Amino acid sequence: DMIISEMSLVDDYETKLLTLQYIKSAVDEGRSSPAIEAALQNMAGEGIFNESRTGGRLMNNYTEVRRQACVMLGETAGLSDEQRKARKDTLMRIMKIESEPMVLSAAIYALGNIGVNTNDEVVNQISMIHKRFSVLNPTDSLAYSVLNAYGKLAPTVKNSSEMVETIASIATNYNYVIPVRQKAKELLFSLKNKE
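A brief structural summary. (Residues numbered from 1 in each chain as written. Predicted model: local features only at pLDDT ≥ 70, side-chain atom pairs only at ≥ 80, totals over all residues. Heavy atoms only, no water.)

**Observations concerning the pattern of salt bridges**
Consideration 1: Tallied over the full model, the rule gives 11 salt bridges.
Consideration 2: When the shortest N-O distance is used, the salt bridge between Lys16 and Glu46 registers 3.0 Å. Taken together, the positions of Lys16 in helix H2 (residues 13–28) and Glu46 in the loop between helix H3 (34–44) and strand S1 (53–54) put the pair 30 residues apart, joining distant regions of the chain.
Consideration 3: The buried category is assigned to Glu46, whose relative accessible area is 0%.
Consideration 4: Across the salt bridge formed by Glu162 and Lys131, the nearest N and O atoms sit 3.4 Å from each other. Residue Glu162 is located in helix H9 (residues 161–171), and its partner Lys131 is located in helix H7 (residues 121–136); the two are separated by 31 residues in the primary sequence.
Consideration 5: When its relative accessible area of 39% is taken as the criterion, Lys131 is described as partly exposed. (Salt bridge = Lys/Arg side-chain N within 4 Å of Asp/Glu carboxyl O. Helix = DSSP H or I, 4+ residues; strand = E, 2+ residues; numbered from the N terminus. Buried < 20%, exposed > 50% of the residue type's maximum accessible area, 1.4 Å probe, protein only.)

**Overview of empty space enclosed by the protein**
Regions of empty space are outlined by a rolling probe, equal in size to a water molecule, passed over the atoms.
Consideration 1: For the structure on display, the rule yields one cavity of 30 Å³ or more.
Consideration 2: Its boundaries defined by the atoms lining it, the largest cavity holds a volume of some 30 Å³.
Consideration 3: Val27, Leu40, Met72, Glu75 and Arg87 are the residues that line the largest cavity. (1 Å grid on protein atoms, 1.4 Å probe; cavity = no way out; pocket = protein on both sides within 12 Å on 5 of 7 lines; lining within 4 Å. Points joined across faces, edges and corners; volume = space filled by probe spheres on them.)

**Examining the packing of helix H8 (residues 140–153) against H9**
Consideration 1: The interhelical angle for the contact between H8 and H9, taken along N-to-C directions, is 140°, at an axis separation of 11 Å. Considering their axes alone, H8 and H9 lie oblique with respect to each other. Crossing handedness for the pair H8 and H9: left-handed. Contact residues: Ala143, Val146, Leu147 and Tyr150 in H8; Met163, Thr166, Ile167 and Ile170 in H9.
Consideration 2: Per-class residue counts for the contact of H8 with H9 are seven nonpolar, one polar and no charged. (Axes fitted to C-alpha atoms, helices over the stretch in contact; angles between N-to-C directions. Parallel < 35°, antiparallel > 145°, perpendicular 65-115°, else oblique. Left-handed = near helix turned anticlockwise from the far one by under 90°. Contact = heavy atoms within 4.5 Å. Nonpolar A, V, L, I, M, F, W, Y, C, P; charged D, E, K, R; others polar.)

**Considering the packing of aromatic side chains**
Consideration 1: Scanning the model with the defined rule gives one aromatic pair in all.
Consideration 2: Positioned above the aromatic ring of Phe49 is the side chain of Arg93, whose terminal nitrogen or guanidinium carbon lies 4.0 Å from the ring centre. (Phe/Tyr/Trp six-rings, centres within 6.5 Å; stacked < 30°, edge-to-face > 60°. Lys NZ or Arg CZ within 6 Å of the ring centre and 35° of its normal.)

**So, the layout of surface pockets**
Consideration 1: Each pocket or cavity is described by its volume, and for the largest pocket that value is around 200 Å³.
Consideration 2: Surrounding the largest pocket, 16 residues form its lining, Val27, Ser32, Glu75, Ala77 and Leu79 being those nearest its centre.
Consideration 3: Contributing elements (two or more residues each) for the lining of the largest pocket: H2, H3 and helix H5 (81–97).

Here it is, written out as structure tokens:
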């Protein structure tokens, strides 16, 4: 755990990826600790929460490290409610600052897996991210992650208007590939049948 913690602080891309492999191995073996959890959450914000600059240039903008860390934050087997909430809070902070669609896709997908949606804060944040990117840069992977998360979070939603509006906008936006639009239509149909 101490080695993982120390490696996560090294300002080197390859070391960060290796650290993520060690974390994955530890988690797969059923080992977890506050140090591993802190390292994972720290690496999910690599380059956005903890910046390393040389001559004003950001040196640790490691989008793949952030993406992989977000994916791992969504793996919740054996976690307590408190740990799930801490992971949700980290991912929500990342979504407010992150600008890379692939990292946002991973964060949104992970939030769906975590399943914590107190007062619709997660659903509303996902909707805001989708609105921002559907205008500027509609990407199929981001839309798919939104739909996947909404499908998992639907039972926790108190006011479904934001969620339904977002799903409908994906279903009717021809910038997305047919399978993404079809998934949106199927999700709308399943939500209608639950009411």
